[in-house]
Amino acid sequence: MAPTNVEHRGPVGPVPAGLTSFYSQPLTWGSCTSYAMTPDDSTLYANPSFQCARLTVPLDYASPTGATASIGVLRVKATDAARRIGSVVVNPGGPGASGMEAAANTNKNWSTSPLAARFDLVGFDPRGIGASQPAVHCLTASEYDAERASDLDDDVTPDGVAKFEAQQRQYANDCAQRTQHGTQMLGNVGTRDVARDMDVLRSALGEPKLTYLGYSYGTYLGTIYAEQFPRNVRALLLDGAVDPTESLVDETVGQATGFQTAFNQYVQSCVKQPDCPLGTDPAQAVAMFRDLVNPLLTHPVPVGDGRMLGYDDATIGAIQALYSPDYWQYLTSGLTELKQNSGHILMTLADAYDGRNADGSYNNEQDAFNAVQCVDAPPVSDVNTLAEASARYKQAAPFLDDGRPAVGALSACDYWPAPPTERPHLPSVTGLPPTLVISTTNDPATPYQNGVKLANALHGGLLTFQGTQHTTFLQGNSCIDQLASNYLINLTLPPTGAKC
């Protein structure tokens, strides 16, 4: 058995009533291999420089003597103990993404940055996610494959809408039945409670103040933490901001606008290539894309592993490729392959988005995403509002407009067995030190103005990246990395109006 290292820190800092035993718990660090949830994790977590531990938190903070949850934590220790400042806790977004995986993957760029000497890098799997226990579980792998193949949401007839809503109701029931502690877990899996877990983690790590790096949805988690524990914050670096005031409908339409912008940027690059599957005229690219994917509504094409690529998976694959210019080549290859009546590449992209592993298993990212979304905001239960939202989505992203009528259909959140614990609102925080928001001008998933709005709400700094991708820090841009690293180390904000 690998040696373990027991660290008993605390409690450190203020402790909410009834939670002393959680805030003062020791962390026992050891090998990360048993925390692997996927084949890729098994390889990734074999790195001997990674240490892992479990953090115990109340399942329901209103009943701290009741059931508990176990949070998986991964750490890469600072390389210069004498100059160490503390820990940087990272969340990669989602919601539903693994923070342990994020820290392990971030370490590739982290290890060559000045941050590696000064901070421990710490990632945790939020409650219900990845290696944390209990995990949200709704569908089996075969059920996920079948749901993706059914494309029920493509049938806009009244009968089709009724079948889709029945499927969504069954999904919510399955989540409650198949997740340990059922409704209690599903009612306490939201951002409100993950932020509370993060303060317990801060204390267990021995940190008087939290230094936090949040990407995408992780910016929302950081914002909620700041609202709950403003005086426990040392630094918040928020990259790819979610607008905490937006309804789920407005957020979805905003993303449609962002993905259309990214698609247009992709087209400008693609048409310069002699073999671009969308031709040579940017003005015709949307129509050509639609000509390629619309037939999949009724005639899926083979993938090569026994599955068929339908319309939903094809468009999800395209969206996955639009997150970064690094993936544009795969979209070109996938659309070229689609012309040849094969869907392997686009399905591979869709599998990456949906968390399907090479062995056919799934991680629980999509289940956790749905669970968190359902308690982080009240559901939109008016079908007319939903139909209007669908029409706005199609208008905002013509490349995703299949030409069929916009209809409203209830989702799993309308049948969720627990009430929401958060709702959209403008953050109101006092006693918060300076924060830094990074926002990208053509971010496909979190529009630039979200970052402007969040920086103003938190009375913090704004760093602009001029580009087309989702999040930027520690992803190869030396200007962003230098300014943001200086903030984390020295707590110095970039100059007002700074751009990279």
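Structure first, text after, so check above.
Residues numbered from 1 in each chain as written. Predicted model: local features only at pLDDT ≥ 70, side-chain atom pairs only at ≥ 80, totals over all residues. Heavy atoms only, no water.

Q: Give me the lowdown on the overall build of the protein, citing residues and values where you can.
A: Tallying secondary structure elements over the protein gives 18 helices and twelve strands in all. Compactness check: the protein gives a C-alpha radius of gyration of 22 Å against a globular reference of 23 Å for 500 residues, within 12% of the reference. On the principal axes, the C-alpha backbone points of the protein span a range of 60 × 50 × 45 Å. Residues classed as buried in the protein amount to 55% of the 500 residues present. For the protein, restricting intrachain contacts to residue pairs at least 6 apart in sequence, the fraction spanning at least 24 positions comes to 73%. Surface exposure of the protein reaches about 20000 Å², of which carbon and sulfur atoms provide 51%. (Helix = DSSP H or I, 4+ residues; strand = E, 2+ residues; numbered from the N terminus. Rg over C-alpha atoms; globule rule 2.2 N^0.38 Å. Buried < 20%, exposed > 50% of the residue type's maximum accessible area, 1.4 Å probe, protein only. Contact = heavy atoms within 4.5 Å. Areas by Shrake-Rupley, 256 points an atom, 1.4 Å probe, with all protein chains shown as cover.)

Q: So what about the pattern of salt bridges? Which residues, and what values?
A: Under the defined criterion, the tally for this structure stands at 20 salt bridges. One salt bridge connects Asp 243 with Lys 453, and the closest N-O pair in it is separated by 3.3 Å. Placement of Asp 243 in the loop between strand E8 (233–239) and helix H10 (248–270) and of Lys 453 in helix H17 (residues 448–457) is noted, with a sequence separation of 210 residues between them. Note on Asp 243: relative accessible area 8%, which makes it buried. (Salt bridge = Lys/Arg side-chain N within 4 Å of Asp/Glu carboxyl O.)

Q: Account for the environment of Asp 275, naming residues and giving values.
A: Checked against the element boundaries, Asp 275 lands in the loop between H10 and helix H11 (285–293). Expressed as a C-alpha distance, the spacing of Asp 275 and Thr 332, which sit 57 residues apart in the sequence, is 8.8 Å.

Q: Which residues make up empty space enclosed by the protein, and what values do they have?
A: The gaps of empty space that remain are located by a probe, the size of a water molecule, rolled over the atoms. The final tally for this structure, using the stated rule, is one cavity of 30 Å³ or more. Taken as a whole, the largest cavity encloses approximately 50 Å³ of empty space. Together, Ala 241, Val 242, Asp 243, Glu 246, Glu 251, Gly 254, Gln 255, Ala 445, Thr 446, Pro 447 and Asn 450 line the largest cavity. Classifying every residue of the lining of the largest cavity gives four nonpolar, four polar and three charged. (1 Å grid on protein atoms, 1.4 Å probe; cavity = no way out; pocket = protein on both sides within 12 Å on 5 of 7 lines; lining within 4 Å. Points joined across faces, edges and corners; volume = space filled by probe spheres on them. Nonpolar A, V, L, I, M, F, W, Y, C, P; charged D, E, K, R; others polar.)

Q: An account of the layout of surface pockets is needed here, citing residue identities and associated values.
A: In this structure, the second largest pocket occupies an estimated 240 Å³ of space. For the lining of the second largest pocket, the residue count by class is seven nonpolar, six polar and one charged.

Q: With reference to specific residues and values, describe the pairing of strand E3 (residues 50–58).
A: The element E3 is largely enclosed, with a buried count of seven among its nine residues. As defined by bridge partners, E3 adjoins strand E4 (residues 68–76) across nine bridges and the pair is classed as antiparallel. For Arg 54, the partnering residue across the bridge sits in E4 and is Gly 72. (Pairing = 2+ DSSP bridges.)

Q: Quick one: what's the story with unusual backbone geometry, residue by residue and with numbers?
A: Working note: non-glycine residues mostly have negative phi, and peptide bonds are mostly trans. For the peptide bond that leads from Gly 94 to Pro 95, omega is -5°, which places it in the cis range. Following Gln 133, the chain continues to Pro 134 via a peptide bond in cis, the omega torsion being -5°. Positive phi, normally seen in glycine, also occurs at Ser 216, with a value near 55°. Inspection of the secondary structure puts Ser 216 in the loop between strand E7 (210–215) and helix H9 (217–228).

Q: Outline the packing of H11 against helix H13 (residues 328–339), supporting the account with residue identities and numerical values.
A: Close contact between H11 and H13 brings their axes to 10 Å; oriented N to C, the two are set at 55°. If you check the angle between H11 and H13, you find them oblique. When the axes of H11 and H13 are compared, the crossing they make is left-handed. Along the contact surface, H11 presents Phe 289, Leu 292 and Val 293, while H13 presents Leu 335, Leu 338 and Lys 339. (Axes fitted to C-alpha atoms, helices over the stretch in contact; angles between N-to-C directions. Parallel < 35°, antiparallel > 145°, perpendicular 65-115°, else oblique. Left-handed = near helix turned anticlockwise from the far one by under 90°.)

Q: Before we move on, can you summarise the sheet that holds strand E6 (residues 119–124) with the specific residues and values?
A: Strand order in the open sheet formed by eight strands is E3-E4-E6-E5-E7-E8-E11-E12, and the pairing between neighbours is mixed. Of all the strands in the sheet, just E3 and strand E12 (461–465) have a single pairing partner and so form its edges. Here the strands of the sheet are splayed against their neighbours by 20° on average, with no regard to which way each runs. Of the strand pairs in this sheet, E4 and E6 are connected by four bridges, and their pairing is antiparallel. Note that in E6 the partner of Leu 74 across the bridge is Gly 123.

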